Amino acid sequence: MDNTTILSIVTFVYGLAAFLYVASWVFKKPLVGKLASWVAVTGFIGNSVGIIMRWVESYRLGIGHAPLSNMYESLIFFAWTLVLIYLIIERKYKNLVIGAFATPFAFLAMAYASLSPNISDRIQPLIPALKSNWLIAHVITCFFGYAAFAIAFGLSLMYLLKQKDPDNKSKLFSLFPNSFTLDELTHQMVVFGYLFLSVGIITGAVWANSAWGSYWTWDPKETWSLITWFVYSTMLHARMMRGWRGKRIAYLSVIGFTAVLFTYFGVNYLPGLHSYGGG
Amino acid sequence: MKLTVVLLLSIAVTSIIGTVIPQNENPAAYFREYGEFFYQLFSMLGIFDMYHSWWFQLLILCLTLNIVVCSIERLSTTWKIVFVNNPPFNISRFRKLSQKESFNSGHKLEDLRNTYEPFIARRFRYSRVERTDQGFCIFAEKGRWTRLGVYAIHLSVVILLIGGLIGSVFGFAGYVNIPEGEKVDTVRLRNVDTIEKLDFEISCEDFDVSFYPNGAPKEYRSSLTILEGGKPVYKKDIVVNDPLRYKGINIFQSSYGQMPSDAARKRKVQGKDTQNEILLNFTSKKTGTAYQVKTVVGKPIDIPEQIGQFVIVAYKKSALFGGQDIGEAYVGKLTPKDGNTVDILLPLHFPQFDKMRKGAVVISVAGQETETFRPDKKPDIWYYTGLQVTKDPGVWVVYTGFIVIIIGCYITFFMSHQRLCVDVNKSGKNSKVIVTGTANKNKLGMENKIKRMARQLEDLVKEG
């Protein structure tokens, strides 16, 4: 079995996990949630195996490089980081409902990677610009950042949903962690993502300085990552200095994640140097 | 603070413009794209190079000033909090906290105090014991200095901007195309369209581009030599991601191209034989004598010993023989004294080639090196290498800013000023221990820490 087959299977495993998490939340069946958790762990193992196999396979093809070099590989890695962070949160906070708002992103990323006709799942050799040790550091830090922001986005959605029902009457939202925890957890995820995004931008700048001769060129991807960084900076200042909590923070987290999505996908439709992320 | 948010967001929002409208393109292209009115408007606002426009730089400057002013204003307060000899401690504040962990112990106050005091002192940077009405309390804290983390981040923003400023004032970014085998000592600067003279010459000995089987580029490699006063002082092959650095100047592989084909041919043919003259060797099979005859393309010559007539009809960049590329060659026509005209192929790099024909005469092109031909590189394609040449003395300042920002973020977000209060009071025969604590950040984490601390303190005196 080659890596793409395994990763296609993982897509469905994540889909199943997401479905089970949602089912366990909606129908209030904790056992289904336990099952979902195990399915997610299985998917994560499969995801890891797929990435490692792809890595090994690239060496067998004589073009060995870490599987972090194109859109397909980045989406696979994004799903991996997202599920990893989610599973850690699940262990720590023992709340399975969060899974219903986190794992669907992993499923969507994998499905997009596997099914989109624009994304090639072939192992491609590295073009000269990507042949650098900074590739691994840059991509890993950026994607940990993106994944943390994605989870923060899911948590913010949960928070906003919960606010629709202030008296806790609806049974649907009673299983959510309490508003305070949701808010605090969103903040923690944003802080984590912010640190990784900062390091990601910095490694990118150092890399750009050795590849293109300038650490900052206002390339669209750079600019959008900076915009994202500014949005989250605003959010952190609002929270830490002004004491913003709750709804306003949740909205900022949603805006921030929109910027992340644009940095990740939207930029490919703009002219610029970062074109390898596209296909 | 409000101003900070407004500035941050306005920089973020205006930055979007520059990612949607391509920057620094040809004015004519803009004119076509946007029409006269918008072209005028946009160029007046500097939208076509917006990140260097006065208003965008002004926004960045305002943000920096804002950060500096806010930081200084707040720093005086924080400074007083951070640098105290005796951290203030107010037990009533801790007693008011809603989150507290407590347990009862059968030990005497004295015993508890003797056990807990060193235990806590080991775990916290500062601790002290105070007497209370009905017992004692241990106050401990650590991470007071982490309150300064945020100033490190703000400082780093200033460092980054200073670094950027140094780069733009004392540095430059230019580009130059060097044909293989040639050298330059000037580069054309980007955006400003002026020429910068370098203190040395850059010579490009060779340029190679290689491809993967799927056609994607594998490597661009330029063999460069730095010459000072005409003497080579430094040699390096550069590829993308591995630039040459010499005396503060960085040379990057950035692009490449082929010289126009007639320029290439001219160089190749002329470079070796002036005025397109070709020197041919004729070796008679009968007598074994070798003759050298000069000719040019299209001029028929008589071969000595009355063997016949020969004319070169064409030059080929890459001739094919049996489907194999054998590189540069002349194509000629040989008309023997008594026979039909035959086509002759004279590969420049294989002088023995014509022997295979087993004719009355062996023809070859004189004065060719046989070593230079490699099938992977067609020698007649004359490349130029496109180099990015930069000088940026501010880079190290910027990198320092990067390090400070990472450390600052870590301190600010993952470390906190934690205060612990272990309040021990006499409660009948027993002692009641109440553990409370505060942190200026990550309050959830602190709650868990307090819980853990209470369990540890309880376990500590259980057996003993």
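Note: the structure precedes this text.
Residues numbered from 1 in each chain as written. Chains lettered and ligands numbered in written order. Predicted model: local features only at pLDDT ≥ 70, side-chain atom pairs only at ≥ 80, totals over all residues. Heavy atoms only, no water.

Engineer: Any details on the pattern of salt bridges? Residues and values, ideally.
Structural biologist: All names here are of chain A. Following the criterion strictly, the structure yields 18 salt bridges over all chains and no others. Notably, a salt bridge pairs Arg239 with Asp183, separated by 3.1 Å at the nearest N-O pair. You can see Arg239 sitting in helix α8 (residues 220-242) and its partner Asp183 sitting in helix α7 (residues 179-211), a full 56 residues away along the chain. Of the two residues, Arg239 and Asp183, neither departs from the other in class, the shared state being buried. For the salt bridge of Arg239 with Glu184, the shortest nitrogen-to-oxygen distance reads 3.3 Å. (Salt bridge = Lys/Arg side-chain N within 4 Å of Asp/Glu carboxyl O. Helix = DSSP H or I, 4+ residues; strand = E, 2+ residues; numbered from the N terminus. Buried < 20%, exposed > 50% of the residue type's maximum accessible area, 1.4 Å probe, protein only.)

Engineer: How would you explain the environment of Met235(A) if you had to name every residue and give the values?
Structural biologist: Residues and elements named next belong to chain A. Along the chain, Met235 falls in helix α8. Residue Met235 is classed as buried on the basis of its relative accessible area of 2%. Every residue in contact with Met235, bar those within four places of it in the chain, is listed here: Thr186, Val190, Ile249, Leu252 and Ser253. (Contact = heavy atoms within 4.5 Å.)

Engineer: Before we move on, could you go through the sheet that holds strand β8 (residues 231-239) of chain B and cite the residues and values that matter?
Structural biologist: A sheet is described by the order of its strands in space; here eight strands give the open sequence β8-β7-β6-β5-β4-β20-β10-β9 (chain B), paired in antiparallel fashion. The open sheet has two edge strands with one neighbour each: β8 and β9 (244-246) of chain B. On average, each strand axis in the sheet is inclined to that of its neighbour by 35°, with strand direction left out of account. In the sheet, strand β4 (residues 172-179) of chain B pairs with strand β20 (residues 383-391) of chain B via eight bridges, with the strands oriented antiparallel. Paired with Pro179(B) across the bridge in β20(B) is Tyr384(B). Where α7(A) meets the sheet, its contacts fall on β9 and β10 (249-258) of chain B, and the angle it forms with β10(B) comes to roughly 65°. (Pairing = 2+ DSSP bridges. Axes fitted to C-alpha atoms, helices over the stretch in contact; angles between N-to-C directions.)

Engineer: How would you explain the packing of aromatic side chains if you had to name every residue and give the values?
Structural biologist: When we look at a pair of aromatic rings, we describe it by the centre distance and by the angle of the planes. A full pass over the atoms with the stated rule returns 55 aromatic pairs over all chains. An angle of 35° between the planes, with centres 5.3 Å apart, marks the rings of Tyr220(B) and Tyr256(B) as tilted. On the criterion of sequence distance, the pair formed by Tyr220(B) in strand β7 (residues 217-228) and Tyr256(B) in strand β10 is long-range, its members being 36 residues apart. Ring-pair connections join several aromatic residues into one group, and the members of that group are Phe44(A), Phe77(A), Phe78(A), Trp80(A), Tyr112(A), Phe143(A), Phe144(A), Tyr146(A), Phe192(A), Phe196(A), Tyr264(A) and Phe265(A). Arg123(B) extends its terminal NZ or CZ atom over the ring of Phe119(B), reaching a point 3.8 Å from the ring centre. (Phe/Tyr/Trp six-rings, centres within 6.5 Å; stacked < 30°, edge-to-face > 60°. Lys NZ or Arg CZ within 6 Å of the ring centre and 35° of its normal.)

Engineer: Pulling in residues and values, what's your account of the sheet that holds strand β11 (residues 278-284) of chain B?
Structural biologist: All names here are of chain B. Here we have three strands laid out as an open sheet, ordered β12-β11-β19, and antiparallel in their pairing. Each end of this open sheet is capped by a strand with a single partner; those strands are β12 (290-295) and β19 (361-365). Adjacent strand axes in the sheet meet at a mean angle of 25°, parallel and antiparallel pairs treated alike. Summarising the sheet, β11 and β19 pair through five bridges and their orientation is antiparallel. Directly across from Asn281, in β19, lies its bridge partner Ser364.

Engineer: Outline the pairing of strand β5 (residues 182-189) of chain B, listing residues and values.
Structural biologist: A regular strand carries its side chains on alternate faces of the sheet. All names here are of chain B. In the sheet, β4 pairs with β5 via two bridges, with the strands oriented antiparallel. Across the sheet, Tyr175 pairs through a bridge with Arg188, a residue of β5. In this structure, the hairpin formed by β4 and β5 is closed by a connection of two residues, where Gly181 is found at a positive phi of approximately 85°. Looking at chain direction, β5 and strand β6 (residues 195-211) are connected through six bridges and run antiparallel. Paired with Arg188 across the strands is Ile195, a residue of β6.

Engineer: Give a description of the environment of Ala140(B) that names residues and reports values.
Structural biologist: Looking at the element boundaries, Ala140(B) is found in strand β3 (residues 135-142). Separated by 78 residues in sequence, Ala140(B) and Lys218(B) have C-alpha atoms that sit 61 Å apart.

Engineer: Quick one: what's the story with the interface of chain B and chain A, residue by residue and with numbers?
Structural biologist: Taken together, the contact between chain B and chain A spans 48 residues of the former and 46 residues of the latter. With both sides pooled, the region where chain B packs onto chain A buries about 4200 Å², and carbon together with sulfur makes up 73% of that total. Put simply, chain B and chain A have zero salt bridges between them. Run the count over chain B and chain A and you get ten residue pairs in polar contact (both at pLDDT 80 or more). (Buried area = accessible area lost by both parts, 1.4 Å probe. Polar contact = N/O pair within 3.5 Å; in protein donor to acceptor, adjacent residues only side chain to side chain.)

Everything listed is a geometric property; what it means functionally is a separate question.
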